[in-house]
Amino acid sequence: MSAQRPTRVLDLSVEPAGGYATRLLAMYGTEVIKVESPDGDPARRRGPFPKDTPNPECSALALFLDMNKKSITLNIRDARGRALLDRLLESSDVILESFAPSEAEHLGLVYAEMERRFPRLVLVSVTPFGKDGPYRDLESCPLVLEAMSGWLFQSGERGREPTRTRGEMLAAMVPGLFAATGILAALRWREQTGEGQLVEVSAMEAMLAASRYFETTFAYRGTVLGSSSTTFFRYRRTRDGWVAPAAATDSQRELLAHAMGLSEHLGDPAFKAPKQGEKPLTSELFRLLDQWYADHSKVETFELLQSMRIPCGYVADSKEVLSSEQLRKRGAFTRVAHPVAGAFEYPGTPFPMSAAAYSARRAPLLGEHNHEIFRGELGLDADELDRLHSAGVI
Amino acid sequence: MAELPLAGIRVLDLTTFWAGPGAAMVFADLGAEVIKVEAVQRLDNWRALLSDPQAERWWETSPTFNSINRNKYGITLNLARPRGAELFKLLVKRSDFVWENYSTRVMAQFGLSYEVLSEINPRIIVVSQSGFGSTGPWRDYISFDPVAQALAGLASITGAPDSPPAFAGQMPADMLSARHAALAGLIALADRERTGRGQHIDMSQLETAIPAISEALLDYQMNGRVWNGAGNRHPQMAPHGCYPARGNNQWVVIAVATDDEWRRLVAVIGNPPWTSDKRFATIVLRLANAADLDRLLADWTREHDRDDLFRRLQAARVKAAPVLNAADLLDDPHLGARGFFEMVERAEVGRKPYPSLGIRFSKIPISIRKPAPTLGEDNEKVLGGLLGLSAQELAELEREEIIGKFPLGALPSIR
C-alpha cells in the first residue's frame, strides 16, 4: 500500500453548516485548511465566550467546529489574494464555499470557469436555497430555514406558536452532513472518471430531505400532520423533572400498563393506539398516569421502563449530559486544551469506528498556519509576506 | 457515462423504522446495490406507519416506508432460523456492508455478531445504529427519536421558558443518526480502499445528537450557564420569532439583526407610533424589551396574510418566511422549479411524489431509479440469482416460512 497524500479541502465557508462538514472529515484524516478573511471567520465573533468576553480565539462555536483544521488568512477579494488562492487550488482536491450565489459569481467561484483550470477539483457550495430557483436570493438565517423546511410547523406545543431548538448547531448539522457526504461521493466519482464537479447543497432542501417525508404522506393521505407532541407522545412531569416515554406500539403500551399497575385498564381502548380523530386517552387514565409519574423521579422512571423494554428517556440539561455515565464510559467527550481559551470537553466522534484513525486536535489560532502554507509550501519570502500583511491581504 | 459512484457496492440492509433505512437509502441513491432484508414473521414496522388498514396489501401502502426504501431491492429471510442465518452468511461473503439498527443483543442472538461476520468476510463493514452503542450501562436500552432528544439535552433547549419542554417534530435524533451513519459508511469504504480491511462502526443514536448542543455544553463549562428553552428568542436578534398571520394555524417568522433591518421592517409596517418608541430604538434596547416588541409585532402580523407578509418583508430585505406545512411544500414554487420532488410509480399506491436525495451533483446522475420493493420482491433474483438456489429450493424455503411474500400476523399498531 503506497502512502497517499491526504485529501486536501480548502474551506472558505462562513456558516456553521460548512464548518460542520469539514469538521467531520478533518477528524478522520482529511487535511482541512480554513481560508479566513483577515478579520476571521464570522463564527469567531459568535458566542458563547469564556466569562462572556468576546475574543476571536475563544468562541465556543469556532473552537468546536474548527478542531483538527489549519487556518490561513487571505483576502480573496484582492487580486493578489485571489492569485494565492489559485495557487493553493493546484494542490487541493476540494474547495467548499458558502457565499450567497451572486457573491460567489462576483468572486469568480463559478464551477464552469474553475473546471477549465482545475478539471479534477470538486467545488462544493452550501447555501440557504441553492444556486437557482425563485428563493435563490432571499434573506436567510436558521429561523427562516427552519420555517421553510417544514421543521417549525411540526415543533412545539399544540395551540401556541411553533418553537425552535435553541442555538445554531442543529439546523447547521444537517446541510453540513449532506455536504460531507457529497464530497466523499464526488471524490469517489473522480477516482472512477478523473473528473471533478460541482456539488450543490441547499440547506432548505437538505433539511426537508432529512425529515420525515410529511409531503409524501400528504400526497398519500391528504392529511397535514401538525405538532407531533400529542399524536406521537408528550413529555410527562415526574417528581423532579420530565420524562419522554415513547411507547409507540400496542405491545409497548401494554408493558407500560403493567409497569404502572394499571393492568385493569388494559381493556380501555384508550390504551391502544388512538385512531385518527379519536381522543388519545380518557381523562381518568390521564389522571392515573400523571399521578404515577408524579410519584417517581425521572431517572427512576427511565430505568424502570427501560428495564421492561419500553423506550424512555429523561429530559437532561447540558450539565447532566456532560456527567452522563453512559456517555463518559463511551468516551463521547474529548478534553482538548487551547492556549488562549483553556481546556474544555468537546463532543467527540458521532460514529466511533473500530479501525479508521481518528484525531481530536485543538482549533487553530487565526492565521496560525500562514507561515507553513505561504512560506513553506508556496515559497513566499519574508518580505513578500510582510508586504501582503501590511496590505491587508493576509 | 460513468456508473454511479457506489456501483458495485452491495449492502445487506437489516434496518427498520427510520434512522437505519434513511442511512442505507443514501447508499442506494448513490448507486449501491442495497438489499433490504425483512422476515415474513418480522416486517419492518415502518410498513404499518400511516398505512391504509383497509387495503388488501396494507403493508405496501405506507408513505414513510415507501419513501425511505426507494432504490433498494427487497428479500425476506428469517434469521432466527438456522437455515435463514446460513443463507445470510452466504450473502455476507458476497457483500461489502451489513447495516443494522437492532438493539445491541439481537445480532448476537442471530449468531451474526461482528466477530462472526468479519471472520466470514474480513472486508465486510458493519454499521450498527443502536440507541446507545454496544458498550456502557445503557447498552441494552432502547431509543426512539423522542428518547434521544430528551437524553441528549435537545428537549431541555426546545420550547418556551414558561412551558414544558417542547418536542422537535422534525425528529432530529433520527435524522442525525441516519445522516451520520451514511457518512461513516463512506469514510469506512475509503479507509478499506487504503488498508484492505473492513471494520465495525458502533454508533449510538444518543451520541449523534450530542453535537447539536455543543454551544450549550461549552457555555456551561465556560460560564456555568445551563441553557433552557428560549422560545424563539435569539441572543443577538430582536425581533426574532414566530408570529401569527391571518387564518387558522398560519405563522410567519421574522428575524432582525441590525438597525438598518429594523428601519426596513418599520417601513413595511407603515411607521405606526409604537415603532418609534424609545424602548425599540437600538438593538440593545430591542433585545431588552423583546417581550413587548413581540406582542406589538404580532398585533400587526395577525391582520395580514402569511404569504403577503413573506413577500413584502423579503422585498424590503428583511429576514422573513412563512411556516410551511406539508401541503405548502408539495406546492412550493421554489422546490417545483428545482425539481425537488420526483414522481414514482409503485405497486398498490400508484404515482406519488417523493423527495430527492437533497445533494445536487453537476455530473453524478442521481435519481429515484426504482420504487421501494414490495415484500420479498427480489427473493428469486437474490437467492436464486446471486446464491444460485433452484426454484425447488426456493419453494421449500417458502413452505418452511424462511422466505415468503405475505406477512404472517396482523397489521402492527404503531403511532
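Just so we're clear, the structure is a prediction, and the values are computed from it rather than from any experiment.

Here is what the cut-offs are and how they apply
- Residues numbered from 1 in each chain as written.
- Chains lettered and ligands numbered in written order.
- Predicted model: local features only at pLDDT ≥ 70, side-chain atom pairs only at ≥ 80, totals over all residues.
- Pairing = 2+ DSSP bridges.
- Helix = DSSP H or I, 4+ residues; strand = E, 2+ residues; numbered from the N terminus.
- Axes fitted to C-alpha atoms, helices over the stretch in contact; angles between N-to-C directions.
- Contact = placed C-beta atoms within 7 Å.
- Domains from an automatic or database assignment.
- Buried ≥ 20, exposed ≤ 12 C-beta atoms within 10 Å, placed from the backbone.
- Arc of directions from axis to C-beta.
- Parallel < 35°, antiparallel > 145°, perpendicular 65-115°, else oblique.
- Left-handed = near helix turned anticlockwise from the far one by under 90°.
- Nonpolar A, V, L, I, M, F, W, Y, C, P; charged D, E, K, R; others polar.

### Quick notes on the sheet that holds strand β5 (residues 125-130) of chain B
Residues and elements named next belong to chain B.
Here is step 1: Reading across from one edge, β3-β2-β1-β4-β5-β6 is the order of the 6 strands in this open sheet, with parallel pairing throughout. For this open sheet the edge positions go to β3 (73-76) and β6 (200-204), each flanked by a neighbour on one side alone. Between one strand and the next, the sheet's axes are offset by a mean angle of 20°, whatever the strand orientation.
Here is step 2: Of the strand pairs in this sheet, strand β1 (residues 10-13) and strand β4 (residues 97-100) are connected by 3 bridges, and their pairing is parallel. In the strand pairing of β4, Leu12 is matched with Val98.
Here is step 3: With respect to the sheet, helix α1 (residues 19-29) is in contact with β1, β2 (33-38), β4 and β5, its orientation differing from that of β4 by roughly 150°.
Here is step 4: Across the face of the sheet, helix α16 (residues 379-386) comes into contact with β2 and β3 while running at roughly 80° to β3.

### Re the domain arrangement of chain B
Here is step 1: Parsing chain B into structural domains produces domain 1 (10-211 + 339-399) and domain 2 (240-330).
Here is step 2: Between domain 1 of chain B and domain 2 of chain B, the C-alpha centre-to-centre distance is 42 Å.

### What about the domain arrangement of chain A?
Here is step 1: As assigned here, chain A comprises domain 1 (8-211 + 329-390) and domain 2 (236-314).
Here is step 2: The centre of domain 1 of chain A, based on its C-alpha atoms, is set 43 Å off from the matching centre of domain 2 of chain A.

### Describing the pairing of β5 of chain B
Residues and elements named next belong to chain B.
Here is step 1: Within β5, 6 of the 6 residues are buried, which leaves it mostly tucked inside the rest of the structure.
Here is step 2: Going residue by residue along β5, you find Ile125, Val127 and Gln129 tucked away on one face and Val126, Ser128 and Ser130 tucked away on the opposite face as well.
Here is step 3: In this sheet, β5 lies alongside β4 in parallel orientation, the contact comprising 4 bridges. Across the sheet, Trp99 pairs through a bridge with Val127, a residue of β5.
Here is step 4: Inspection of the sheet shows β5 paired to β6 by 5 bridges, in the parallel sense. Each residue of the ladder has a partner; that of Val126, found in β6, is His200.

### Details of the sheet that holds strand β7 (residues 240-244) of chain B
Residue and element names in this part refer to chain B.
Here is step 1: Pairing in this open sheet of 3 strands is antiparallel, and the strands run β7-β8-β9 from one edge to the other. At either margin of the open sheet sits one strand with a lone partner, and together these are β7 and β9 (319-322). For this sheet the average axis-to-axis angle between neighbouring strands, irrespective of direction, equals 20°.
Here is step 2: Sheet strands in contact with helix α12 (residues 290-301) are β7 and β8 (251-255), and its direction is about 40° off that of β7.
Here is step 3: Sitting on the sheet, helix α13 (residues 306-315) touches β8 and β9, and the angle it makes with β9 is about 160°.

### Structural notes on unusual backbone geometry
Here is step 1: With an omega dihedral of -10°, the bond running from Gly47 of chain A to Pro48 of chain A counts as a cis peptide bond.
Here is step 2: Here Pro48 of chain A shows up in the loop between β2 (31-36) and α2 (60-65).
Here is step 3: At the junction of Ala238 of chain B and Pro239 of chain B, the peptide bond is cis and its omega measures out at -5° in the coordinates.
Here is step 4: In this structure, Tyr213 of chain A is a non-glycine residue whose phi angle is positive, near 60°.
Here is step 5: With 26 C-beta atoms packed within 10 Å, Tyr213 of chain A lands in the buried category.

### Some points on helix α17 (residues 370-377) of chain A
Residue and element names in this part refer to chain A.
Here is step 1: Residues of α17 that are buried: Asn370, Ile373 and Phe374. The buried residues of α17 all sit within an arc of 95° when viewed along its axis, so they share a single face. Residues of α17 that are exposed and angled more than 90 degrees away from the buried face: Glu372 and Gly376.
Here is step 2: Gly379 sits one or two residues past α17 and shows a positive phi near 75°.

### Considering the packing of helix α1 (residues 16-27) of chain A against helix α8 (residues 169-193) of chain A
All names here are of chain A.
Here is step 1: At a closest axis distance of 7 Å, the pairing of α1 and α8 adopts a crossing angle of 55°. What the angle tells us is that α1 and α8 run oblique. The way α1 lies across α8 gives a crossing that is right-handed. For the pair α1 and α8, contact is made by Pro16, Ala17, Gly18, Tyr20, Ala21, Leu24 and Leu25 and by Met169, Ala172, Met173, Pro175, Gly176, Ala179, Ala180 and Ile183, respectively.

### Notes on the interface of chain B and chain A
Here is step 1: The interface is formed by 131 residues belonging to chain B together with 127 residues belonging to chain A.
Here is step 2: With 16 residues, helix α7 (residues 172-195) of chain B is the single largest residue contributor to the side of chain B that touches chain A.
Here is step 3: Residue classes in the side of chain B that touches chain A are distributed as 82 nonpolar, 34 polar and 15 charged.
Here is step 4: Bridge count for strand β6 (residues 197-202) of chain A against strand β12 (residues 360-361) of chain B is 2 bridges, and the pairing is antiparallel. Looking at β12 of chain B, one finds that Val199 of chain A is bridged to Phe361 of chain B.

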